[in-house]
Amino acid sequence: MTSHKTAQTMKPATAAKKLGVYLEATPAEFQEGVVSRTELNALQSDPPEWLRELRRNGPHPRPVVAAKLGVSISGLARGGITEALTTEQIEALKTDNPDWLQQERTTQAEVRKEAVRIKEKKEKEEK
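Given the structure is predicted, the values throughout are model-derived calculations rather than measurements. Along each chain, numbering runs from 1 in the same order as the chain's sequence is written. With pLDDT at 70 or above as the cut-off, local features in this predicted model cover only qualifying residues; side-chain atom pairs require 80 or more to be listed or tallied, and sums for whole chains, interfaces and linings still use all residues. The basis for every side-chain value is the complete set of non-hydrogen atoms in the structure, without hydrogens or water.

J.: Tell me about the overall build of the protein, residues and numbers included.
T.: Numbering of helices and strands runs from the N terminus, with a helix taken as a DSSP run of H or I at least four residues long and a strand as a DSSP run of E at least two residues long. Secondary structure summary: the protein contains eight helices and two strands in total. In the protein, the succession of helices and strands from N to C terminus is β-α-α-β-α-α-α-α-α-α. Dimensions of the protein, computed from C-alpha atoms along their principal axes, come out at roughly 55 × 45 × 25 Å. For the protein, buried positions account for 27% of its 127 residues. For the protein, the share of sequence-separated contacts (at least 6 apart) that also reach a separation of at least 24 residues comes to 54%. Burial classes follow relative accessibility: with a 1.4 Å probe on protein chains only, a residue under 20% of its type's maximum area counts as buried, one over 50% as exposed, and anything between as partly exposed. Should any heavy atoms of two residues lie within 4.5 Å, those residues are counted as being in contact.

Set out below in structure tokens:
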């Protein structure tokens, strides 16, 4: 009995997440189909123009927006940002630097410092 290897596939939403793009901004054929692991690897290694354009100008999904602004996804929500933003909108927010963004960046910096402190403490305890 021979076993046939089937290609591993994923939903478009999963593929979009792995590619770091906003699903609703992708072409219809991407949204309506399934993506194999091989196709995903090809998109990552040699992105088509639509993918390069989305990564460059957006709209970007919330995890990407949060990373570009240096805040958490929860921080975005507290700041009233619940939708995908374009690169231009993100740059405008950085320029305006509203109070909520300053506060969330401070909070994020504190969270990172605490994570480093805890990691260093664990490493010392293991020695």
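Following the structure, the description resumes.
J.: Describe the packing of helix 1 (residues 12-19) against helix 3 (residues 37-45), and please don't skip the residues or the numbers.
T.: The interhelical angle for the contact between helix 1 and helix 3, taken along N-to-C directions, is 30°, at an axis separation of 11 Å. Between helix 1 and helix 3, the angle falls in the class roughly parallel. For the crossing formed where helix 1 meets helix 3, the hand is right-handed. Contacts between helix 1 and helix 3 involve Ala15, Lys18 and Leu19 from the former and Arg37, Leu40, Leu43 and Gln44 from the latter. In the scheme used here, Gly and all other residues not listed as nonpolar or charged are polar, with Ala, Val, Leu, Ile, Met, Phe, Trp, Tyr, Cys and Pro taken as nonpolar and Asp, Glu, Lys and Arg as charged. Partitioning the contact of helix 1 with helix 3 into residue classes produces four nonpolar, one polar and two charged. Axis angles are defined between N-to-C directions and span 0 to 180 degrees, where every axis is a line fitted to C-alpha atoms and, for a helix, only to the segment in contact. Under this scheme an angle from 65 to 115 degrees is roughly perpendicular, one under 35 degrees roughly parallel, and one over 145 degrees roughly antiparallel; angles in between are oblique. By definition, turning the near helix anticlockwise from the far helix through less than a right angle yields a left-handed crossing, and turning it clockwise yields a right-handed one.

J.: Just give me the short version of a negative patch on the surface, but keep the residues and values in it.
T.: On the surface, Glu120, Glu123, Glu125 and Glu126 cluster together to form a negatively charged patch. One can find glutamate 125 in helix 8 (residues 99-126). Two joining distances apply to patches: 9 Å for like charges and 5 Å for nonpolar side chains (Val, Leu, Ile, Met, Phe, Trp, Tyr), and every residue must have over 30% relative accessible area and no salt bridge. Exposure was quantified through the Shrake-Rupley algorithm and a 1.4 Å probe, taking into account, for residues, occlusion by the shown protein chains and nothing else. Any Lys or Arg side-chain nitrogen found within 4 Å of a carboxyl oxygen on Asp or Glu counts as a salt bridge. This count recognises Lys and Arg as positive and Asp and Glu as negative, with His and chain-terminal groups excluded. All charge positions are set by atom: Lys at NZ, Arg at CZ, Asp at CG, Glu at CD.

J.: Quick rundown of the environment of glutamate 83? Include the residues and the values.
T.: Within the secondary structure, glutamate 83 sits in the loop between helix 6 (73-78) and helix 7 (87-96). In sequence terms glutamate 83 and alanine 16 are 67 residues apart; their C-alpha atoms lie 16 Å from each other. Sequence-distant contacts of glutamate 83, defined by excluding residues within four places in its chain, comprise Tyr22 and Arg62.

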